[in-house]
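Here is how the chains run, residue by residue.
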Amino acid sequence: MLKEILIDLLTQAAAQAQQSGKLPSVTLPPVTIERPQNPEHGDYASSLPLKLARSAGTNPLDIAREMVSLIPATAEIENITAAPPGFINFTLKDNWLAQQVESILNAGETFGNIDLGHGSRVQVEFVSINPTGPLHVGHGRGAILGSTLSNTLTAGGYQVEKEYYFNDAGSQMEAFRRSLFARYQQYLGKDAEMPSEGYLGNYMVDLAKELINEVGDRFLTIPEVEAMSALGRLGFERILSQMREDLKLLRVDFDAWFSEQSLYENGQFEKVMSLLREGGYLAEKENATWFVSTALGEDKDNVVVRGDGLPTYFAADIAYHYNKFIERKFDRVIDIWGADHQGHVSRLKAVIGALGIDPDRLELIIHQMVTLRRGSELMRVSKRSGDIITLREVIDEVGTDACRYFFLSRSADSQMDFDLELAKKEAPDNPVYYVQYAHARIASILRVAGERGITHADGDVSLLTSEPELTLIRKLLLLPEMVEVVVQTLEPHHLTYYAQTLATTFHSFYKLCRVISDDQTLTKSRLKLVGATKIVLARTLHLMGMTAPDRM
RNA sequence: GUCCCUGUAGCUCAGCUGGAUAGAGCGGCUGCCUUCUAAGCAGCGGGUCGCAGGUUCGAAUCCUGCCAGGGACGCCA
């Protein structure tokens with residue numbers, strides 16, 4: 001990429017300046033290249049002279065001028081200037097920019113790919129909600145974050161595996177089974193009490209009715225423990241498949257569904273516990289087994305095996321992460337969690353460190369909570385109590401594309417209100433349609449050109465010299481840099497900003513430059529440009545998991 | 001009490017590994033459809049970047065304290 005070339009040029013110029021004694025031999029700070037916000041400052045800029053000035057004890061502008069004089073001419077760069085107080089600005093050549101249209105057309109949907117991962121294996125684990133009830137909006141946020149990030153990591157040269165971890169063991173599952181059986185009995189006219197920690201939502205009643213329609217009352221006639229377990233299994237499978245459907249509707253899919261239960265069945269849980277025990281990280285106290293994380297600088301110790309002999313969620317998670325890193329040998333693991341799991345981060349990092357795994361290989365994305373409202377009315381989102389608005393209802397009401405865009409346009413760090421009324425009311429003005437409209441407009445131009453029998457394979461891109469054309473090309477060329485930003489920060493929300501500015505640039509170009517005109521050669525050149533723009537818009541939308549419609 | 005996230009335009013939010021006049025969308029006000037989609041374009045107005053200190057040539061961005069909102073501190077997950 002161009003950025004690397006510029007960094008090389010700067011590094012060499014600095015070294016040369018030092019050799020010739022024009023610049024004191026101080027250690028070079030990391031050479032960084034920025035994109036200036038003011039176009040008058042060129043396409044790229046570096047503040048290296050300003051950073052060098054302190055240690056060198058010289059005037060930054062003098063350093064900038066000296067370095068500028070040492071940077072050789074290249075095919076891409078029109079000019080390099082030193083600007084006060086000590087920036088070096090690079091401006092690209094118009095004809096080089098124009099030629100990039102051909103590169104984009106040749107690359108097609110691979111344009112934007114940039115090999116940062118070199119094929120290393122990264123696992124992205126997300127959603128991973130207990131299959132004890134329907135998904136709600138908060139889960140949707142994690143789902144869209146995860147799927148978009150995965151798409152982008154793939155574009156960034158990583159081999160990505162998307163995984164859903166489901167807790168089919170443990171006390172929540174137990175509470176689910178008992179709740180479901182209670183509802184089942186109640187609906188069949190038997191007196192049964194809901195467990196105190198049970199799932200009270202109406203969906204459990206509906207689920208019980210559905211199952212009765214399917215299997216009748218036969219679970220009343222077999223031993224209760226057996227009935228509960230079998231019925232629970234059916235309910236669990238039903239909820240899991242509903243989740244899959246909801247996620248599919250959101251265009252979120254997974255490569256693997258990982259069962260917590262499997263960790264106990266294949267002995268991995270025991271193996272990890274004995275490893276921790278051998279390492280001296282476990283202690284028996286208060287009738288339970290503890291991971292002594294205080295010895296590793298944590299605030300407190302954590303129970304791994306409870307007094308009743310059952311492992312805690314934390315213990316299962318330890319085994320699960322051991323499985324990810326040691327058994328399956330992922331180079332990097334990214335977990336996406338809601339803010340309510342924040343407190344779990346440091347102890348999990350501590351324990352994988354204790355297992356001899358570099359904690360930096362585990363990266364956590366914690367997204368803040370989502371509150372759902374309809375106007376000023378706050379909607380319930382909790383699973384255990386009462387009625388909820390499900391993710392499914394939100395998708396049906398708002399639509400997949402708008403939903404994805406809405407979740408993606410805010411950083412994971414900010415808590416958000418999902419206002420159904422607003423989302424619906426603003427649907428036609430939603431930025432997602434603005435971006436898609438740009439794509440549809442281009443499709444329309446290409447359609448008209450086709451109808452008129454205009455072929456443009458022989459179009460000459462060097463005719464693209466006007467300001468709106470070059471501005472558009474510059475914007476197109478940012479896509480690989482956006483992919484790089486998202487891969488490095490793990491913040492997919494930058495994509496929405498890019499999509500929006502790209503669409504703006506195109507709409508503006510569209511107004512100023514007529515594509516299909518009497519000038520046949522220019523028409524062909526511009527058809528190439530809008531063709532390239534269509535590719536970049538589509539790619540950006542696809543990275544975000546959205547559709548790129550040809551008509552609107 | 002401790003830990004994490006947030007506080008930027010009327011509203012919703014970008015910008016935060018320090019850089020050159022603080023941005024976008026929505027809303028408000030003005031213009032623009034004989035020609036490829038007006039779900040569009042151009043322009044105007046709008047800001048003590050929560051508050052107070054500090055570091056720096058330079059702070060919305062980094063550090064400290066305070067205030068406000070959200071989340072977590074469980075032998076739940």
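Because the structure is a prediction, the values reported are computed rather than measured.

**Q** Describe the overall build of chain A, and please don't skip the residues or the numbers.
**A** The helix and strand tally for chain A stands at 20 helices and 14 strands. In terms of overall dimensions, chain A has a C-alpha envelope of 85 × 65 × 40 Å along the principal axes. Looking at the 552 residues of chain A, the share that counts as buried comes to 52%. Of the contacts made within chain A by residues no fewer than 6 positions apart, 73% connect residues no fewer than 24 positions apart. Total accessible area on chain A stands at roughly 24800 Å², and carbon and sulfur atoms take up 49% of it. When the 56 basic and 73 acidic side-chain charges of chain A are each reduced to a single mean position, those positions are 3 Å apart.

**Q** Which residues make up helix α16 (residues 431–451), and what values go with them?
**A** End to end, α16 covers 30 Å across 21 residues, agreeing with the expected 30 Å (1.5 Å per residue, within 8%). Those residues of α16 lying buried are V432, V435, Q436, A438, H439, A440, I442, A443, I445 and A449. Of the surrounding elements, those touching the buried residues of α16 are α14 (400–408), α19 (493–512) and α20 (520–543). Two residues or fewer past α16, G453 is found with a positive phi of approximately 70°.

**Q** Describe the domain arrangement of chain A, naming the residues involved and giving the relevant values.
**A** Structurally, chain A comprises domain 1 (2–92) and domain 2 (97–116 + 430–543). Measuring from the centre of the C-alpha atoms in domain 1 to the corresponding centre in domain 2 gives 31 Å. At the junction of the two partners, domain 1 supplies seven residues and domain 2 supplies five residues. For the pairing of domain 1 and domain 2, the buried interface totals around 460 Å² over both sides, and the portion due to carbon and sulfur atoms is 37%. The three residues of domain 1 that bury the most area against domain 2 are K3, R35 and L92, which together make up 69% of that side's buried surface. Scanning the region where domain 1 abuts domain 2 turns up three salt bridges. Its salt-bridge partner being E484, residue K3 comes within 3.7 Å of it at the nearest N-O pair. Summed over the shared surface of domain 1 and domain 2, the number is three residue pairs in polar contact (both at pLDDT 80 or more). Of the residues in the side of domain 1 that touches domain 2, the class split is two nonpolar, one polar and four charged.

**Q** Requested: an account of the packing of aromatic side chains, with residues and values cited.
**A** One pass over the full model with this rule turns up 18 aromatic pairs. Ring centres of Y164 and W257 lie 4.5 Å apart, and the angle between their planes is 20°; on these two criteria the pair is classed as stacked. Residue Y164 is found in strand β5 (residues 159–166), and its partner W257 is found in strand β6 (residues 256–259); the two are separated by 93 residues along the sequence. A residue is classified by how much of its surface remains accessible, and Y164, at 0% relative accessible area, is buried. Through a chain of ring-to-ring contacts, the aromatic side chains of F126, Y164, F254 and W257 assemble into a single cluster. Here the guanidinium or amino end of R347 rests over the ring plane of F314, the centre of that ring lying 5.3 Å away. The side chain of R410 reaches across the aromatic face of F406, ending 4.3 Å from its centre.

**Q** Please provide a residue-by-residue account of the sheet that holds strand β8 (residues 288–291), values included.
**A** One open sheet accounts for three strands, arranged β7-β8-β9; its pairing is antiparallel. A single partner strand is all that each edge strand has here, and the edge strands are β7 (282–285) and β9 (302–305). Averaged over all pairs of adjacent strands, the angle between strand axes in this sheet comes to 45°, irrespective of strand direction. Bridge count between β8 and β9: three bridges; the pairing is antiparallel. Looking across to β9, one finds that F291 is bridged to N302. In this fold helix α10 (residues 268–278) packs onto β7, β8 and β9, with an angle of close to 90° to the strand it touches most, β7.

Cut-offs applied
- Residues numbered from 1 in each chain as written.
- Chains lettered and ligands numbered in written order.
- Predicted model: local features only at pLDDT ≥ 70, side-chain atom pairs only at ≥ 80, totals over all residues.
- Heavy atoms only, no water.
- Helix = DSSP H or I, 4+ residues; strand = E, 2+ residues; numbered from the N terminus.
- Buried < 20%, exposed > 50% of the residue type's maximum accessible area, 1.4 Å probe, protein only.
- Contact = heavy atoms within 4.5 Å.
- Areas by Shrake-Rupley, 256 points an atom, 1.4 Å probe, with all protein chains shown as cover.
- Lys, Arg positive; Asp, Glu negative; His and termini not counted.
- Charge placed at Lys NZ, Arg CZ, Asp CG, Glu CD.
- Expected span 1.5 Å × (residues − 1).
- Domains from an automatic or database assignment.
- Buried area = accessible area lost by both parts, 1.4 Å probe.
- Salt bridge = Lys/Arg side-chain N within 4 Å of Asp/Glu carboxyl O.
- Polar contact = N/O pair within 3.5 Å; in protein donor to acceptor, adjacent residues only side chain to side chain.
- Nonpolar A, V, L, I, M, F, W, Y, C, P; charged D, E, K, R; others polar.
- Phe/Tyr/Trp six-rings, centres within 6.5 Å; stacked < 30°, edge-to-face > 60°.
- Lys NZ or Arg CZ within 6 Å of the ring centre and 35° of its normal.
- Pairing = 2+ DSSP bridges.
- Axes fitted to C-alpha atoms, helices over the stretch in contact; angles between N-to-C directions.

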